[in-house]
Amino acid sequence: MAAKVGGASAAKVFPNHDDVHISFEDQQRINRFAKHNARMDDLKVELDMKKNSLKCLEEALEEIELFDEDEDIPFLVGEVFLSHKLGKTQELLAESKEQTLKEIASIEAKAKAIKAEMDELKAHLYQRFGSNISLESDD
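Note that this is a predicted model, so its numbers are computed, not measured.

1. Details of helix α2 (residues 24–64)
Phase 1 of the analysis: Compared with an ideal rise of 1.5 Å per residue, which puts 41 residues at 60 Å, α2 spans 60 Å between its outermost C-alpha atoms and is within 8% of the ideal.
Phase 2 of the analysis: All of the buried residues in α2 are Asp 26, Ile 30, Phe 33, His 36, Met 40, Leu 43, Leu 47, Leu 54, Leu 57, Leu 61 and Ile 64.
Phase 3 of the analysis: In this structure, the buried side of α2 is in contact with β1 (73–77) and α3 (86–129).

What follows is the structure, given as C-alpha cells:
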C-alpha cells in the first residue's frame, strides 16, 4: 500500500510511489479482505484435517473387512474405546464417514462464499488502487 511521504528523500526511498488517498470505506474493504484471507487459510487447514480423517476412516473400513464376524473391534468414541462386533463397527465407521463428508462439504461451501466475496473486494480494490496494492497471497 502506498503511503503519502513528503520530501526529496522520499522519492529515493519510494521511487515509484503515487500519492493515494485511502478513504475510510477503502480501509474497511482492505480490512475485510484481510480478515477473509485469514479465514480462508484457516479453512484450508481444517479441510486438510477433515480429508485426512476421511482417508483414515476409509482405510479402517477396508482393514476391518479382514476381521472375523464375532471378533470384538475397539472403536474410539470421544476419549474412550468401546468394543463392538464387526457389523456394528462397520456401521459406526460408515456413520463417521458420512458425517466427515458432510463437514467437508460445509467447509467447501464456506470457502466458496468467502472466495466470491474476496474476488469482489479484490476487483474493487485493484480498480481503485491499481499497482499500489498487492492482494495476492505468498503461496
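2. Describing the UniProt feature "coiled-coil region" (unreviewed entry) in the protein chain
Phase 1 of the analysis: With numbering matched to this structure, UniProt assigns "coiled-coil region" (unreviewed entry) to residues 97–124.
Phase 2 of the analysis: As annotated, residues 97–124 has a helix share of 100% and a strand share of 0%, and its two end C-alpha atoms lie 41 Å apart.

3. Brief notes about α3
Phase 1 of the analysis: An ideal rise of 1.5 Å per residue puts 64 Å on 44 residues; α3 measures up with 62 Å between its terminal C-alpha atoms.
Phase 2 of the analysis: Gly 130, located one to two residues past α3, shows a positive phi value of around 60°.

Reading the values: the criteria
Residues numbered from 1 in each chain as written. Predicted model: local features only at pLDDT ≥ 70, side-chain atom pairs only at ≥ 80, totals over all residues. Heavy atoms only, no water. Helix = DSSP H or I, 4+ residues; strand = E, 2+ residues; numbered from the N terminus. Expected span 1.5 Å × (residues − 1). Buried < 20%, exposed > 50% of the residue type's maximum accessible area, 1.4 Å probe, protein only. Contact = heavy atoms within 4.5 Å. UniProt positions renumbered as here; feature names shortened; annotations may be inferred.

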